[in-house]
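Notes for the structure review
Here's the letter readout for the chains.
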Amino acid sequence: MPQLSTADHSFSPPRVAVPRDYNAAWDLIQRNLQAGRGGKTVFIDDAGSTTYDELAGRVNRFGNVLGIVGKHKHLKHIIVSGRDAKGKLAFSELMAKASAQFEPAPTTCDDMCFWLYSSGSTGSPKGTVHLHSHLIQTAELYARPVLGIREDDLVFSAAKLFFAYGLGNGMTFPMSVGATAVLMAERPTPQAVFKRLTEHKPSIFYGVPTLYAALLVSPELPKKEALRLRVCTSAGEALPADIGKRWTGHFGVEILDGIGSTEMLHIFLSNRPGEVRYGTTGKAVPGYGIRLIGEDGQPVADGEIGELQISGPSAAVMYWNQREKSRHTFMGEWTRSGDKYTRDADGYYHYCGRSDDMLKVSGIYVSPFEVETALMTHEAVLEAAVVAHADTDELVKPKAFVVLKPGFEASEALGERLKQHVKDKLAPYKYPRWLEFVAELPKTATGKIQRFKLRS
C-alpha cells in the first residue's frame, strides 16, 4: 500500500520525505481524508462543486473505468465526455457503472507518473516526463514556504490544469494543504477572470504578464474593495515592472513574479511576500540550486549575462522519444532553462531573454525584454515583442512589434515617438530600428509570446 509524504518546515529548505512506496494521486487525496476534510469543497466550477470525499470516489471509479477499456495494446475505444456520445462510449455512463472502491497502483516514488507537453513558445511542444515524487516537492518547496498557501485559502488560476504552471496552481498546491480551487473552462478573458474574482472572491490569484496587462486596461476593472485577494503570482514570462506596480497600486496586493518551466514542473526562482522587487524574478526557491553559465562554460560574475541552469528534486527525467534534445537539456543534476539572466549584488535575478531571442548589436548583447519593458512604459502600448532583424548590410538590429491600447491609433508619427521613448530610457543602440503595429501577438495557450513566429 502506498504511503504519504511528509515535510518538516522548521528547516529551510523544508525536509521533504517521499517514501519508496508512493503514489502521487493517493497522497494528494488521502492526506485530506485522513485529516478529516472529506466534506470540504476541493473544486468549484461552472457545473457546481466537488468535495474531497466525492473526488476520491470519482478517482476510484475512473480507475475502474480504465481497467475496463485499458486492456488493449492498441486503440480500441473512444470515450466521449458530454451530453452526446455520438455512438461512442459515454464517460458519464462508464463512471456511473464503475465501483467507487479501487486499490491504488503499487507505484514507487521513482516511477513515471505523467507527461506534460511544453508550451511551444520556441517550437514544437515536447513530452516532458515527470515522476510520482515531483508534484509534492513543488508544493512543499514553493507553495507552502514562498507562496504561503494555507488550508483556508480559495485559489483561482487563469492557467489551465494541463500546463505545468496551472497544474500546480489549481491542483497540487490547494490539495497539498486542503484548500479549495476555482476552475474555469473558458478562455481567460478579462471579463471571465473578473467574474470569478468578484463572485468567488479567491484569496490567491495566479496569472501571466499578458493577462495582467489586459486586466489593467479593461473598462471592467473592479475596485479594490470588490476583491479579497491576499497574494498574486505571475509566471510564464517575466513581468514588466510597470505592470506589477500598477496592479499593486490599484489593488494593494503584490504580484510574486517568478519563473518555472515544464521541465522543472513549477517555480524555482521567485520574489517573496514583502520583499518584491518589480523588474526582477526574485531569488532562488530554497531547495533549488541556481547557476548562470557563460559562453565559455564557466559561471559568470554578478552583473554578467549567463544561461540559467537549475538543479532540484522536481526536474523531469527526459523528453519522451527525443533523445538528442533530452541530452542537451538534462545534464546530470543540472537542467538548462534556455533563458539568459544576470544576478545583482543583492542576489536578485534579472531576466534578459531566451537564449535564442538575444540580440548582438555592434558586438554587444541586447536584451529584448529590456527593450519591450521600455516600450510598455509608454501610455499607448499594451504589449510589445522585440526580435532580431537584419538590415541591408546583414547587420542585426532590434525590430519591435507593438499592440496599442484601446483609444490609440497606429501612425508613422506614433512609431517615431515610441522609438524616441526607448532612446530616452535606454542606451541609443538598443532602440528598435523598425516598429510594426499589430492587432495581437502570437501566443501559446499559456500566454507566452511565440517570438520565433515573429522572426520568420
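Closest axis-to-axis distance for the helix α1 (residues 24-34)/helix α4 (residues 134-147) pair is 8 Å, and the angle between their directions is 45°. Comparing the axis directions of α1 and α4 gives the class oblique. From α1, A24, D27, L28 and R31 reach across to α4, where they touch L135, I136 and E140. Looking at the contact of α1 with α4, its residues break down into 4 nonpolar, no polar and 3 charged.

Let us now look at the state of the cysteines. Following the criterion strictly, the structure yields 0 disulfides and no others. Lacking any disulfide linkage, C113 is separated from the closest cysteine sulfur, that of C109, by 11 Å. Its relative accessible area of 29% is what places C113 among the partly exposed residues.

Let us now look at the pattern of salt bridges. Counted under the stated rule, the structure contains 24 salt bridges. Between R246 and D242 there is a salt bridge, with the nearest N and O atoms lying 3.3 Å from each other. Placement of the pair is R246 and D242 together in helix α8 (residues 241-251), with a separation of 4 residues, close to one helical turn. The partly exposed category is assigned to D242, whose relative accessible area is 27%. The salt bridge involving K419 is made with E416; its shortest N-O contact spans 3.4 Å. Note that K419 and E416 are positioned in helix α11 (residues 412-425) at a spacing of 3 residues, about one turn of the helix. On the basis of relative accessible area, E416 is assigned to the partly exposed category, the value being 44%. When salt bridges that share partners are traced, they join D46, E186 and R196 into one network.

α8 packs onto helix α7 (residues 209-217) with a crossing angle of 50° between their chain directions and a minimal axis gap of 10 Å. Put simply, α7 runs oblique to α8. α8 is crossed by α7, and the crossing has left-handed handedness. Where α7 abuts α8, its residues P209, Y212, A213, L215, L216 and V217 lie against I243, R246 and W247. Considered class by class, the residues forming the contact of α7 with α8 number 8 nonpolar, no polar and 1 charged.

Parameters and conventions
Position numbers for residues start from 1 in each chain and track the written sequence from start to end. Given that this is a predicted model, residues contribute local features only at a pLDDT of at least 70 and side-chain atom pairs are listed and counted only at 80 or more, while totals for whole chains, interfaces and linings are drawn from all residues. For side-chain calculations, the full set of non-hydrogen atoms in the structure is used, while hydrogens and water are omitted. The angle between two axes is taken between their N-to-C directions and runs from 0 to 180 degrees, where each axis is a line fitted to C-alpha atoms and a helix contributes only its stretch in contact. Put simply, DSSP marks the helices as runs of H or I at least four residues long and the strands as runs of E at least two long, and each gets a number from the N terminus on. Under this scheme an angle from 65 to 115 degrees is roughly perpendicular, one under 35 degrees roughly parallel, and one over 145 degrees roughly antiparallel; angles in between are oblique. Note on definitions: a residue-residue contact is assigned when non-hydrogen atoms from the two residues lie within 4.5 Å. Each residue receives one of three labels: charged for Asp, Glu, Lys and Arg, nonpolar for Ala, Val, Leu, Ile, Met, Phe, Trp, Tyr, Cys and Pro, and polar for the others, Gly being one of them. Note that a disulfide, as used here, is simply two cysteine sulfur atoms within 2.5 Å. Working definition: with a 1.4 Å probe on protein chains only, accessible area under 20% of the residue-type maximum means buried, over 50% means exposed, and in between means partly exposed. The term salt bridge refers to a pairing of a side-chain nitrogen on Lys or Arg with a carboxyl oxygen on Asp or Glu at a separation within 4 Å. Handedness of each helix crossing follows the sense of rotation of the near helix against the far helix: counterclockwise by less than a right angle gives left-handed, clockwise gives right-handed.

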